[in-house]
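This is what each chain is made of:
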Amino acid sequence: MSFSLDSLCEPLTILARDAGDEIESISRQALETRQKSDDSPVTAADLAAHRCLVEGLPGIGKAEWPVLSEESASVPWAIRSGWETYWLVDPLDGTKEFLRGSDQYTVNIALIHRHRAVVGVIGKPRTGEIWYGQSGLGSWYQRGPQTPWQRLQVADRRPPRLVVSRFHRGEKTRQLIAAIPDVEVEELGSSLKCCRIAEGLADLYPRFGPTCEWDTAAAQAIVEGAGGALVRGDDWKPLEYNRGESLLNPPFVACASLDGAWRAGWDALDSA
Ligand SMILES: Nc1ncnc2c1ncn2[C@@H]1O[C@H](COP(=O)(O)O)[C@@H](OP(=O)(O)O)[C@H]1O
Ligand SMILES: [Mg+2]
């Protein structure tokens, strides 16, 4: 790509914090909730963050890069199929967590180039924390606007530490947990599960239930930048983006290592 990705870090970080401020300025008590077709909620906070990102992104990177947002995702495949480089965003990932008063929701911004997530930014609006990653090159964490960036590196522990969704788990996740001896399990909302892996504080995030491309893109760049992987659960290849009409991801795992101590439990599940 004839573009210096390093120059994106500062403006993307500022934009993710601005979108987070939009979310925080809206009182969750007064929120009206509408259900989307996949039965997930959408609120004025999602829409305020969406507007902030859609207005801000064309001024970052190249103006001609399109923006695909969870809140404006109905771009026909006939148009999307011509996109080589575009922004893929989830303005408020973890809306259910937001509505229940938890702080486990995020703003996700990814740059996709030729079907791969090359840059990812995840902001945690309640705390002002930011995770930034460039796939294969490095990932960093910043606690707040004036604090230094820290380099992230995955750590592969035995016995493995799993992170799972609080609301979207399913029977197969339960079976996997039962199949891994001495496993530790932490429940966490949104893409923060992948941030935990990038930080070296978790080893595996299995996701068998449905997710959309904007849920994983930023997280994948950050996990890969920290030395980990985010792969399909069937062929172990990295998740790819904008490959067809559907924006649903297949089942996947994010992990510190594909040969982690959890793998025997996974293989036993597959052959059962
Ligand atoms: N039936 C479904 N189809 C598609 N995506 C779904 C879904 N159920 C949940 N999700 C995705 O899972 C995300 C929440 O994940 P988690 O439980 O790990 O926090 C939701 O993010 P949003 O809150 O952005 O809608 C949503 O995108
Ligand atoms: Mg989401």
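Residues numbered from 1 in each chain as written. Chains lettered and ligands numbered in written order. Predicted model: local features only at pLDDT ≥ 70, side-chain atom pairs only at ≥ 80, totals over all residues.

Labelled according to an unreviewed UniProt entry, the chain appears under the name 3'(2'),5'-bisphosphate nucleotidase CysQ, originating from Salinicola rhizosphaerae. Taken from UniProt, the Subcellular location (unreviewed entry) comment for the chain reads in full: "Cell inner membrane". According to UniProt, the comment filed for the chain under the heading Catalytic activity (unreviewed entry) is "adenosine 3',5'-bisphosphate + H2O = AMP + phosphate". (UniProt positions renumbered as here; feature names shortened; annotations may be inferred.)

A. Looking closely at the domain arrangement of the chain. In terms of domains, the chain is made up of domain 1 (5-151) and domain 2 (161-271). Between domain 1 and domain 2, the residue contacts involve 38 residues of the former and 29 residues of the latter. At the level of elements, α3 (77-80), β4 (85-93), α4 (95-99), β5 (106-113), β6 (116-124), β7 (129-134) and β8 (138-142) are the ones that each hand at least two residues to the side of domain 1 that touches domain 2. Top contributing element to the side of domain 1 that touches domain 2 by residue count: β6, with 8 residues. Class assignment of the residues belonging to the side of domain 1 that touches domain 2 gives a composition of 17 nonpolar, 13 polar and 8 charged. (Domains from an automatic or database assignment. Contact = placed C-beta atoms within 7 Å. Helix = DSSP H or I, 4+ residues; strand = E, 2+ residues; numbered from the N terminus. Nonpolar A, V, L, I, M, F, W, Y, C, P; charged D, E, K, R; others polar.)

B. Quick look at unusual backbone geometry. Put simply, Arg158 and Pro159 share a cis peptide bond, and its omega is 0°. Residue position: Pro159 is located in the loop between β9 (150-151) and β10 (161-164). For Arg114, which is not glycine, the phi dihedral falls at a positive 45°. Turning to its location among the elements, Arg114 is positioned in the loop between β5 and β6. Here Asp182, not a glycine, exhibits a phi torsion of approximately 60°, which is positive. When the 8 C-beta atoms within 10 Å are taken as the criterion, Asp182 is described as exposed. (Buried ≥ 20, exposed ≤ 12 C-beta atoms within 10 Å, placed from the backbone.)

C. Broad picture of the UniProt feature "binding site: substrate" (unreviewed entry) in the chain. The UniProt record annotates "binding site: substrate" (unreviewed entry) at Glu70, Leu92, Asp93, Gly94, Thr95 and Asp215. These annotated residues cover 146 residues of sequence, and their C-alpha atoms all fall within 12.1 Å of one another, placing them together at a single site. Following the sequence through the fold, Glu70 ends up in the loop between β3 (67-69) and α3. When near neighbours in sequence (up to four residues on either side) are disregarded, Glu70 contacts Asp90, Pro91, Cys212 and Trp214. Here Gly94 lies in the loop between β4 and α4. With sequence-adjacent residues up to four places away left out, Gly94 is seen in contact with Gln104, Tyr105, Thr106, Gly189 and Ser190.

D. Up close: the site of ligand 1. Contacts to ligand 1 come from 19 residues, most closely from Asp38, Ser40, Thr95, Ser165 and Pro210. Those elements that place two or more of their residues in the shell around ligand 1 are β4 and α4. The biggest single contributor to the shell around ligand 1 is β4, with 3 residues. The residue makeup of the shell around ligand 1, split by class, is 4 nonpolar, 8 polar and 7 charged. No fewer than three residues from each of domain 1 (5-151) and domain 2 (161-271) sit in the shell around ligand 1. (Near = placed C-beta within 6 Å.)

E. Representation of the sheet that holds β9 in the model. Spatially, 7 strands are ordered β3-β4-β5-β6-β7-β8-β9 in an open sheet, and the strand pairing comes out mixed. Only two strands of the sheet have a single neighbouring strand rather than two, namely β3 and β9. In this sheet, β5 lies alongside β4 in antiparallel orientation, the contact comprising 7 bridges. Across the sheet, the residue bridging to Leu88 is Ala110, located in β5. Set on the sheet, helix α1 (residues 9-24) makes contact with β4, β5, β6, β7 and β8; between it and β6 the angle comes to about 45°. (Pairing = 2+ DSSP bridges. Axes fitted to C-alpha atoms, helices over the stretch in contact; angles between N-to-C directions.)

F. Geometry of the UniProt feature "binding site: Mg(2+) 2" (unreviewed entry) in the chain. According to UniProt, the positions carrying the feature "binding site: Mg(2+) 2" (unreviewed entry) are Asp90, Asp93 and Asp215. Look at the named residues: they lie 126 residues apart in sequence, but the longest C-alpha span between them is just 6.8 Å, so in the fold they bunch up. Position of Asp93 relative to the elements: it lies in strand β4. On the basis of neighbour count, Asp93 is assigned to the buried category, with 28 C-beta atoms found within 10 Å.

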